[in-house]
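What follows is the residue order along each chain.
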Amino acid sequence: MSQEVEHVECLIIGSGPAGYTAAIYAARADLKPVMYTGMEPGGQLTQTTEVDNFPGYPAGITGPEMMEDFRKQAERFGTDIRFGYVSSVDFSSLPHKVVVDEIKTITADTVIISTGATAKWLGLPSEQKYNGFGVSACAVCDGFFFKGQDVAIVGAGDTAAEEATYLAKLCKKVYMLVRRDEFRASKAMVHRVMNTPNIEVIYNTETKEILGNGKNVTAVKVVNNQTGAETDIPVEGFFVAIGHKPNTDIFKGWLDMDDTGYLKTVPGSTLTNVEGVFASGDVQDSYYRQAVTAAGSGCMAALDAERYLAAKEHDVKVVS
Ligand SMILES: Cc1cc2nc3c(=O)[nH]c(=O)nc-3n(C[C@H](O)[C@H](O)[C@H](O)COP(=O)(O)OP(=O)(O)OC[C@H]3O[C@@H](n4cnc5c(N)ncnc54)[C@H](O)[C@@H]3O)c2cc1C
């Protein structure tokens, strides 16, 4: 089969808040961006119902509607948005080579990576059924909806501990379900949890099922993995905080990453260790993980790409 090769000035990988914001800025700077959406056009927010914390939507908006607005705005300035996933990259020389859907090769002067991260779930059918209706993977995003109510959170690491204390400020009671007889979190975070009166830690506990009335979560069925005893804990919200996986497998060997696979960028910028390759959004941020921070860094990536191209045109070396 003959291989089709296309050259673009600016290639954007991923269509979440970071990718679309990069597209809006890149298109307005006349970089004629081409975007590949990946298998989840619109990104993580398409999995959620209400988004209440993105500025500019005073009445709130659903995740899918908001991402539709992002798409329209990116298209308005001429972004070429295509459905497809990047299957491999070759950043060994300029221009960069990117393979889409394992067949099509694109060469690009600049590449903006906005492939996001995927929340890890327990894998229970009831978790999927009530996702967005009491089940959430983001306490900062959804904790507010459970103000004054009882919730459970599963996880034992630093993020789980931080999210539990965040929820404790909003909710009446937080049950923290820990699989082993100890935390994985740092001593300081465990200390914070232990000193929060409305958090009850339940050790040696696994989630068996999330119970509901067909519309909303009403309880969580847990099992003690030492005794086998099952208990139903009445809660309105169930938070999963067992980690995220950044979508970076295809960049292994090319880009610097931390121990958990998040892309490393030069602090205060979106520059990676490879010239002309920029990273924005959750793929390079394991800490904030919000739509607005992803969008902000998408803007930075487009500006970094535009300035990189301008400097190259005038033969100025960009030093990171
Ligand atoms: C259930 C849920 C509710 C949330 N609620 C809120 C909220 O209320 N407020 C808030 O601020 N944040 C919320 N968040 C967090 C928010 O969704 C993320 O911080 C944000 O979406 C990150 O944006 P991003 O652009 O970096 O990546 P993502 O949204 O993760 O998008 C990644 C994109 O990359 C694409 N992609 C991945 N791999 C490839 C590939 N190989 N080739 C091409 N494309 C690829 C995917 O298809 C996707 O389009 C929520 C998250 C979840 C899971």
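Residues numbered from 1 in each chain as written. Predicted model: local features only at pLDDT ≥ 70, side-chain atom pairs only at ≥ 80, totals over all residues. Heavy atoms only, no water.

Next up on the list: the domain arrangement of the chain. As far as domains go, the chain holds domain 1 (5-118 + 244-319) and domain 2 (121-240). Summing the contributions of domain 1 and of domain 2, the shared interface buries around 740 Å²; its carbon and sulfur component is 43%. Our enumeration of links across domain 1 and domain 2 arrives at zero salt bridges. Counting every contact that joins domain 1 to domain 2 gives one residue pair in polar contact (both at pLDDT 80 or more). (Domains from an automatic or database assignment. Buried area = accessible area lost by both parts, 1.4 Å probe. Salt bridge = Lys/Arg side-chain N within 4 Å of Asp/Glu carboxyl O. Polar contact = N/O pair within 3.5 Å; in protein donor to acceptor, adjacent residues only side chain to side chain.)

Our focus in this paragraph is the sheet that holds strand β11 (residues 150-154). Spatially, the five strands line up as an open sheet ordered β10-β17-β11-β12-β13, and their pairing is parallel. Strand pairing shows two members of the sheet lacking a second neighbour, β10 (135-136) and β13 (199-202), which therefore form its edges. In the sheet, β10 pairs with strand β17 (residues 237-240) via two bridges, with the strands oriented parallel. Note on β17: the bridge partner recorded for valine 135 is phenylalanine 238. The sheet contacts of helix α5 (residues 158-170) involve β11, β12 (173-177), β13 and β17, and relative to β12 the element is tilted by about 165°. (Pairing = 2+ DSSP bridges. Helix = DSSP H or I, 4+ residues; strand = E, 2+ residues; numbered from the N terminus. Contact = heavy atoms within 4.5 Å. Axes fitted to C-alpha atoms, helices over the stretch in contact; angles between N-to-C directions.)

Thr37, Glu40, Gln44, Asp282 and Ala291 are the nearest of the 33 residues found near the ligand. Between a nitrogen atom of the ligand and a main-chain N or O atom of glycine 38, the distance comes to 3.3 Å. For the ligand, whose unbound accessible area comes to 1000 Å², protein coverage reaches 94%. Looking at the shell around the ligand, the elements that each hand over two or more residues are α1 (17-28) and α7 (291-313). (Near = heavy atom within 4 Å. Areas by Shrake-Rupley, 256 points an atom, 1.4 Å probe, with all protein chains shown as cover.)

With that settled, consider the state of the cysteines. Applying the stated rule across the entire model yields one disulfide. Bridging cysteine 138 to cysteine 141, the disulfide has an S-S length of 2.1 Å. Looking down the S-S bond of the cysteine 138 and cysteine 141 bridge, the torsion is 65°, so its handedness is right-handed. We classify cysteine 138 as buried; its relative accessible area is 13%. Summary of cysteine pairing: cysteine 10 is not part of a disulfide, and the nearest cysteine sulfur, belonging to cysteine 299, is at 13 Å. (Disulfide = S-S within 2.5 Å. Buried < 20%, exposed > 50% of the residue type's maximum accessible area, 1.4 Å probe, protein only.)

Here we come to the pairing of β12. Taking burial as the measure, the five residues of β12 include four buried ones, the bulk of the element. Relative to β12, β11 runs parallel, the two sharing five bridges. Across the sheet, valine 154 pairs through a bridge with leucine 177, a residue of β12. Taken together, β11, α5 and β12 form a β-α-β motif whose crossover is right-handed. As defined by bridge partners, β12 adjoins β13 across four bridges and the pair is classed as parallel. Following the sheet pairing, valine 174 is matched in β13 by isoleucine 199. (Right-handed = clockwise from strand over helix to strand, strands pointing away.)

Another aspect to go through is the sheet that holds strand β15 (residues 217-224). Pairing in this open sheet of three strands is antiparallel, and the strands run β14-β15-β16 from one edge to the other. Only two strands of the sheet have a single neighbouring strand rather than two, namely β14 (205-212) and β16 (230-234). Between one strand and the next, the sheet's axes are offset by a mean angle of 25°, whatever the strand orientation. Summarising the sheet, β14 and β15 pair through seven bridges and their orientation is antiparallel. The residue of β15 that forms the bridge with threonine 205 is asparagine 224.

Okay, a nonpolar patch on the surface next. Taken together, the side chains of Met39, Phe83 and Tyr85 present a nonpolar region at the surface, about 350 Å² in accessible area. A residue is classified by how much of its surface remains accessible, and phenylalanine 83, at 56% relative accessible area, is exposed. (Patch = residues over 30% accessible without salt bridge, like charges linked within 9 Å, V, L, I, M, F, W, Y side chains within 5 Å.)

Moving on, we get to the packing of aromatic side chains. In this structure the tally under the stated criterion is nine aromatic pairs. Between phenylalanine 144 and phenylalanine 145, the aromatic rings sit 6.5 Å apart at their centres with planes inclined by 75°, giving edge-to-face as the arrangement. For phenylalanine 144, a relative accessible area of 48% puts it in the partly exposed group. An aromatic cluster is present here, built from Phe54, Tyr57 and Phe70 joined pairwise through their rings. The residue whose ring lies beneath arginine 28 is phenylalanine 77, and the NZ or CZ to ring-centre distance is 5.1 Å. (Phe/Tyr/Trp six-rings, centres within 6.5 Å; stacked < 30°, edge-to-face > 60°. Lys NZ or Arg CZ within 6 Å of the ring centre and 35° of its normal.)

Here we come to the nonpolar core. Ile12, Phe54, Met66, Ile112 and Phe278 are the most contacted members of the largest nonpolar core, which totals 27 residues. For this core, the element with the most residues is α7, which contributes seven residues. Those residues in contact with phenylalanine 278 that sit more than four places away from it in its chain are Thr110, Val111, Ile112, Ile113, Thr270, Leu271, Thr272, Ala301, Asp304, Ala305 and Tyr308. (Core = buried A, V, L, I, M, F, W, Y, C linked by side-chain atoms within 4.5 Å.)

What follows covers the packing of α1 against α7. Relative orientation of the contacting elements α1 and α7 amounts to 35°, with a least axis distance of 7 Å. Crossing hand, α1 versus α7: right-handed. Contact with α1, carried on its side by Pro17, Ala18, Thr21, Ala22, Tyr25 and Ala26, involves Ala291, Ala294, Ala295, Gly298, Cys299, Ala302 and Leu303 of α7 and no other residues of that element. Residue classes in the contact of α1 with α7 are distributed as 11 nonpolar, two polar and no charged. (Left-handed = near helix turned anticlockwise from the far one by under 90°. Nonpolar A, V, L, I, M, F, W, Y, C, P; charged D, E, K, R; others polar.)

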